[in-house]
Structures are given as structure tokens and as C-alpha cells.
Amino acid sequence: MSTKMKIVIPCDEANHVCDKTQYKEATLWEKIKLNIHLIYCRACREYTKNNTKLTKKVKESKVECLDKKCKESMKKDLDKAIIEESN
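Summary of the structure given here. (Residues numbered from 1 in each chain as written. Predicted model: local features only at pLDDT ≥ 70, side-chain atom pairs only at ≥ 80, totals over all residues. Heavy atoms only, no water.)

### Regarding the packing of helix H1 (residues 11–22) against helix H3 (residues 42–60)
Reasoning step 1: Remark: H1 packs on H3, axes separated minimally by 10 Å, with the N-to-C direction vectors making an angle of 20°. In terms of their interaxial angle, H1 and H3 are classed as roughly parallel. Helix-helix and strand crossings are classified by hand; for H1 and H3 the assignment is right-handed. Residues Cys11, Ala14, Asn15, Cys18, Asp19 and Gln22 of H1 form the contact with H3, whose participating residues are Cys44, Tyr47, Thr48, Asn51 and Thr55.
Reasoning step 2: Residue composition of the contact of H1 with H3, grouped by class: five nonpolar, five polar and one charged. (Axes fitted to C-alpha atoms, helices over the stretch in contact; angles between N-to-C directions. Helix = DSSP H or I, 4+ residues; strand = E, 2+ residues; numbered from the N terminus. Parallel < 35°, antiparallel > 145°, perpendicular 65-115°, else oblique. Left-handed = near helix turned anticlockwise from the far one by under 90°. Contact = heavy atoms within 4.5 Å. Nonpolar A, V, L, I, M, F, W, Y, C, P; charged D, E, K, R; others polar.)

Next comes the structure, spelled out in C-alpha cells:
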């Protein structure tokens, strides 16, 4: 029994691999198949280009996230306000 290695992938799989690559979760084989797909698919090349721009902008941003304690406090305040409003 021989197993065929599928090199050609559909666009939805290519986009998923592109997303995985963005987060450094794609395997080498997935990256190879993605690059082969990008040779002939203009739409996925555009998706990959936009994904790359987004990743770069997020890395360059100076956004600071709230810590867990602050988020929990805000959630409690919101829950309390919702209860008060519904009464």
C-alpha cells in the first residue's frame, strides 16, 4: 500500500497554513505546500501579503494590554451594572 503525498492544496487549506505560519505553528511540509500553492494562486498570494502586513504592524505596535486583575475588576463592575439596570 503506497501513500500519495498531496502537494496541491485548496485555498482554504492554504489560508489556514498561512495563519499557522504567522504564529510559527506550521510544519516545514505545510510551508512547502503553501509556497507551491502561492505560485499559481493570486488570491492566496494577496491573503498572505495582507497577513504578513498585519503581523508586522502588530509586532511594531506599542499596545499595552490590561492585566488579568484589572480585567476581572472591570467584568465585576459590568456585571453589577447589568444587574442594577435590569432591576
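Read on, since the account is not over.
### Some words on the side chain of Asn51
Reasoning step 1: Considering the arrangement of structural elements, one finds Asn51 in helix H3.
Reasoning step 2: When neighbours within four sequence positions are excluded, Asn51 is seen to be in contact with Cys18, Asp19 and Gln22.

### Observations regarding the pattern of salt bridges
Reasoning step 1: Considering all chains together, one arrives at five salt bridges under this definition.
Reasoning step 2: Two residues, Glu30 and Lys20, come together in a salt bridge whose shortest N-O distance is 2.7 Å. Of this pair, Glu30 sits in helix H2 (residues 28–40) while Lys20 sits in helix H1, and the two are ten residues apart along the sequence. This pair shows no difference in class: Glu30 is buried, exactly as Lys20 is. (Salt bridge = Lys/Arg side-chain N within 4 Å of Asp/Glu carboxyl O. Buried < 20%, exposed > 50% of the residue type's maximum accessible area, 1.4 Å probe, protein only.)

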